[in-house]
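Residue-level listing of the chains:
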Amino acid sequence: MSKKHSPATTVIGIDIGGTGIKGGIVDLETGTVLGERFRIPTPTPSTPQAVAKVVKAVVDELSTRSNAPSDDAPVGITFPAIISHGVARSAANVDESWIDADVDEIFTKEIGRDVQVMNDADAAGLAEARYGAGQGVKGTVLVITLGTGIGSAFIYDGKLVPNVELGHLELDGFDAETKASASARERDELSWDEYAVRLQRYFSHVEFLFSPELFIIGGGISKRSEDYLPQLKLRTKIITAELKNNAGIVGGALQAAVHFKLTK
Ligand code: BGC
């Protein structure tokens, strides 16, 4: 399905994560979520059918609101995996059966509306570049999301280079996200100082590889930055995401709006 859509100022964005599926109505002018977000825990197992049903439930709830876009307007959806032409090519923190699944087609069918699917960290990066901490920054900006896994978005002069998977750098013999994600901190019951040591190792390595102008930290624990940011010693400026937990929802909605030409 892909019909011509009318211009819009709001778009529904859905952010699929390892623990929750969150949605909101996004104002494309300001890059803000209007009203409350709506969240349902990610089903276990997180198979395509189960996740698609929850995504539909989130879209249905948002669609009942007075400021919702029209019922046939496209929806932007973020997914925690490599997304190439709408197809998942990895599945680190979701059910393995997603690998090679046509995510775009699965959600389009379930919701009955056009959708645009992208990697979750890419969406967060896009939102920060357009509306948040990365606005107007020239050169390389790396947005690193610390959550169930580690996600990354590579932005150059405000443009996204999609599907850069820096959470899976192999570092000291480990997949980096298994040591430095927010969930690794909880699993290993680390103090913030102990966690900062792992973040230092990770960010020093990424800095050495890419020499970015700016690091932006996203994900749930960007809220707790005073507990670990002051400990990090890097050449690169490192700040937290301005859109906080809404970055994925906003970036997903923005990408859908651009793709379906609802906005510039
Ligand atoms: C996945 C990425 C995703 C990140 C954050 C990683 O495990 O490989 O695609 O962006 O988690 O959800």
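Residues numbered from 1 in each chain as written. Predicted model: local features only at pLDDT ≥ 70, side-chain atom pairs only at ≥ 80, totals over all residues. Heavy atoms only, no water.

Engineer: I'd like a rundown of the pattern of salt bridges, residues and numbers included.
Structural biologist: Evaluation of the coordinates by the stated rule reveals 9 salt bridges. One salt bridge in this structure joins R89 and D100, with 2.7 Å as the shortest N-O distance. On the criterion of sequence distance, the pair formed by R89 in the loop between β6 (87-88) and α2 (103-111) and D100 in the loop between β6 and α2 is long-range, its members being 11 residues apart. In this structure R89 comes out as partly exposed when scored by relative accessible area, which is 45%. (Salt bridge = Lys/Arg side-chain N within 4 Å of Asp/Glu carboxyl O. Helix = DSSP H or I, 4+ residues; strand = E, 2+ residues; numbered from the N terminus. Buried < 20%, exposed > 50% of the residue type's maximum accessible area, 1.4 Å probe, protein only.)

Engineer: Residues and numbers for the side chain of T236, please.
Structural biologist: Among the secondary structure elements, T236 is positioned in the loop between β13 (214-218) and β14 (237-240). Its relative accessible area of 7% is what places T236 among the buried residues. A distance of 2.6 Å separates a polar atom in the side chain of T236 from a polar atom in the side chain of E207. Dropping the residues within four chain positions of it, T236 is found in contact with E207, P212, E213, L214 and F215. (Polar contact = N/O pair within 3.5 Å; in protein donor to acceptor, adjacent residues only side chain to side chain. Contact = heavy atoms within 4.5 Å.)

Engineer: I'd like a description of the environment of G86, backed by residues and values.
Structural biologist: Tracing the chain through its elements places G86 in the loop between β5 (83-84) and β6. For G86, a relative accessible area of 9% gives the class buried. Expressed as a C-alpha distance, the spacing of G86 and E165, which sit 79 residues apart in the sequence, is 17 Å. Setting aside residues no more than four positions away along its own chain, G86 makes contact with A101, D102, V103 and D104.

Engineer: Break down the sheet that holds strand β10 (residues 159-161) for me, with residues and values.
Structural biologist: Spatially, the 5 strands line up as an open sheet ordered β10-β9-β8-β13-β14, and their pairing is mixed. The open sheet has two edge strands with one neighbour each: β10 and β14. In this sheet, neighbouring strand axes are inclined to one another by 30° on average, regardless of whether the strands run parallel or antiparallel. In the sheet, β13 pairs with β14 via 4 bridges, with the strands oriented parallel. Following the sheet pairing, F215 is matched in β14 by I238. In the packing of helix α3 (residues 120-131) onto the sheet, the strands contacted are β8 (140-146), β9 (150-156), β10 and β13, and the crossing angle to β9 comes to about 45°. The sheet contacts of helix α6 (residues 192-210) involve β8, β9, β13 and β14, and relative to β8 the element is tilted by about 150°. (Pairing = 2+ DSSP bridges. Axes fitted to C-alpha atoms, helices over the stretch in contact; angles between N-to-C directions.)

Engineer: So, α6: which residues are in play, and what are the values?
Structural biologist: Between its first and last C-alpha atoms α6 spans 26 Å; for 19 residues at 1.5 Å apiece the expected length is 27 Å, and the two agree. Within α6, the full set of buried residues consists of W192, Y195, A196, L199, Y202, F203, V206 and E207. What you see down the axis of α6 is that its buried residues fit within an arc of 135°, all on one side. Among the exposed residues of α6, those pointing more than 90 degrees away from its buried face are V197 and F208. Once α6 finishes, S211 follows within two positions and takes phi at roughly 40°, a positive value. (Expected span 1.5 Å × (residues − 1). Arc of directions from axis to C-beta.)

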